[in-house]
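If you want the building blocks of each chain, they are given just below.
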Amino acid sequence: MPQASRDLKKKRSWQEALSDLVTDPKELLTLLELHPDWLDAAYAAARLFPLKTTRSFVARMQKGNPHDPLLRQILPLGIELQESEGFERDPLKEANVNPVPGLLHKYAGRVLVTLTSACAVHCRYCFRRHFPYAENNPGRAGWEKMITYITADKTISEVILSGGDPLAANDRLLKQFTDQLVGIPHIKRLRIHTRLPVVLPERITQALIEWMVQVPFDTVMVIHANHPQEISSEVKAALLSLRQAGICVLNQTVLLRAINDRAETLIALSEILFEAGVLPYYLHVLDKVQGAAHFDLERDKAFQLHAALGKALPGYLVPRLVCEEPGKASKTVLSTALFTG
Ligand SMILES: *Cc1c(COP(=O)(O)O)cnc(C)c1O
Ligand code: SF4
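The structure presented is a predicted model; accordingly, all values stated were derived computationally and were not measured. (Residues numbered from 1 in each chain as written. Chains lettered and ligands numbered in written order. Predicted model: local features only at pLDDT ≥ 70, side-chain atom pairs only at ≥ 80, totals over all residues. Heavy atoms only, no water.)

Trainee: Please explain helix α13 (residues 299-312) as it appears in this structure.
Mentor: One full turn of an α-helix is made of 3.6 residues, so residues set three or four places apart face in the same direction. When the terminal C-alpha atoms of α13 are compared, their 20 Å separation across 14 residues agrees well with the 20 Å that a helix rising 1.5 Å per residue should span. Within the sequence span of α13, burial applies to A302, F303, L305, H306, A307 and L309. Against α12 (263-275), β7 (279-284) and β8 (320-323) lie the buried residues of α13. (Helix = DSSP H or I, 4+ residues; strand = E, 2+ residues; numbered from the N terminus. Expected span 1.5 Å × (residues − 1). Buried < 20%, exposed > 50% of the residue type's maximum accessible area, 1.4 Å probe, protein only. Contact = heavy atoms within 4.5 Å.)

Spelled out as structure tokens, the structure:
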């Protein structure tokens, strides 16, 4: 079909976009006009953790630039295959806080629930890159156990839908799950951790917003963006529509070498997110997962960057610098006050 008549056709639904991801390294390199030199390594690394990205995310990458900060988040590289000391397969020891399949109860008052194991993109640095998703995604058959667990523990006041990406599931499934929470008197808040508003902004439909507004809990959405180039005009519009519906939207970022390790980049990210109605929440130092060592930054460098943000931005635009340590009662806030450099 010629381009013009394709443009005239109705805009694709989010389901169509989600079933038409780029998963072949060759196609990715062709779309971006990159040299096929990268191909063998990409195929080798993709065997361990497949390539996956939305076309919308690819459209925001610069053609011909192998160092593009969005490309580097999703392109499998040969360096991932190197074993690195101090990097593990389950760095957060999540297997220890997994009382029923699909549910993690690590911190007081809140549980993290996995409704689907799918994500729309595979972020190469993801700490769940080795997580046995399939085993830990019981599907609907596992809901009863999760609901029983949540009902029995009156200290739980918040349910966090996380990933996989919960918005990869359709509205009906989301509603069917939250309907089961409605009868539980101690649940006050519903939180959604998702990268879809950034990598597939079409997912933020009026119907989704209505579900979030109608659910009888306070709702919070935590999105995940690492670089200002991710916030296209479509993403901005999607985020603003959440904000206009009265939904609290926060962002978390992972600090990544050669992607967002300059103060200007992180400052621009906070500013563009605020224009889209989003406040910064966490700036995570990398979890030491095997295959992601090339993204790691020295701790001093992280402190330096965070201090630079504090100097340049109003306090509400400075994310908390955190790391995760297994066995701790919360994420660990790294205090820049300790940094003297
Ligand atoms: C990060 C995380 C949470 C949420 O922590 P907050 O500090 O409330 O954002 C909850 N459960 C698990 C397992 C987590 O990893
Ligand atoms: S869970 Fe989040 S960080 Fe990990 S691959 Fe999915 S979208 Fe990326």
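Trainee: Can you help me understand the pairing of strand β2 (residues 110-114) in this one?
Mentor: Every regular strand shows the same layout, with side chains that alternate between the two sheet faces. Most of β2 is tucked away, with four of its five residues classed as buried. Examined bridge by bridge, strand β1 (residues 103-107) and β2 share three bridges and lie antiparallel to one another. In the strand pairing of β2, L104 is matched with L112. With antiparallel pairing between neighbouring strands as the criterion, β1 and β2 make up a hairpin whose turn holds two residues, including G109 at a positive phi of roughly 85°. Note that β2 and strand β3 (residues 158-162) share five bridges and pair parallel. Each residue of the ladder has a partner; that of T114, found in β3, is S162. (Pairing = 2+ DSSP bridges.)

Trainee: Explain the site of ligand 2 to me, please; I cannot follow it from the model alone.
Mentor: Around ligand 2, a shell composed of eight residues is seen, among which C119, V121, C123, C126 and H224 lie nearest. Taken together, the residues of the shell around ligand 2 sort by class into five nonpolar, two polar and one charged. (Near = heavy atom within 4 Å. Nonpolar A, V, L, I, M, F, W, Y, C, P; charged D, E, K, R; others polar.)

Trainee: Could you clarify how one ought to interpret the UniProt feature "binding site: [4Fe-4S] cluster" (unreviewed entry) in the protein in this entry?
Mentor: In the numbering adopted here, UniProt assigns the feature "binding site: [4Fe-4S] cluster" (unreviewed entry) to C119, C123 and C126. Examined against the element boundaries, C123 turns out to sit in the loop between β2 and α7 (143-152). Setting aside residues up to four positions removed in sequence, C123 forms contacts with F49, Q73 and R195. Note that C126 resides in the loop between β2 and α7. (UniProt positions renumbered as here; feature names shortened; annotations may be inferred.)

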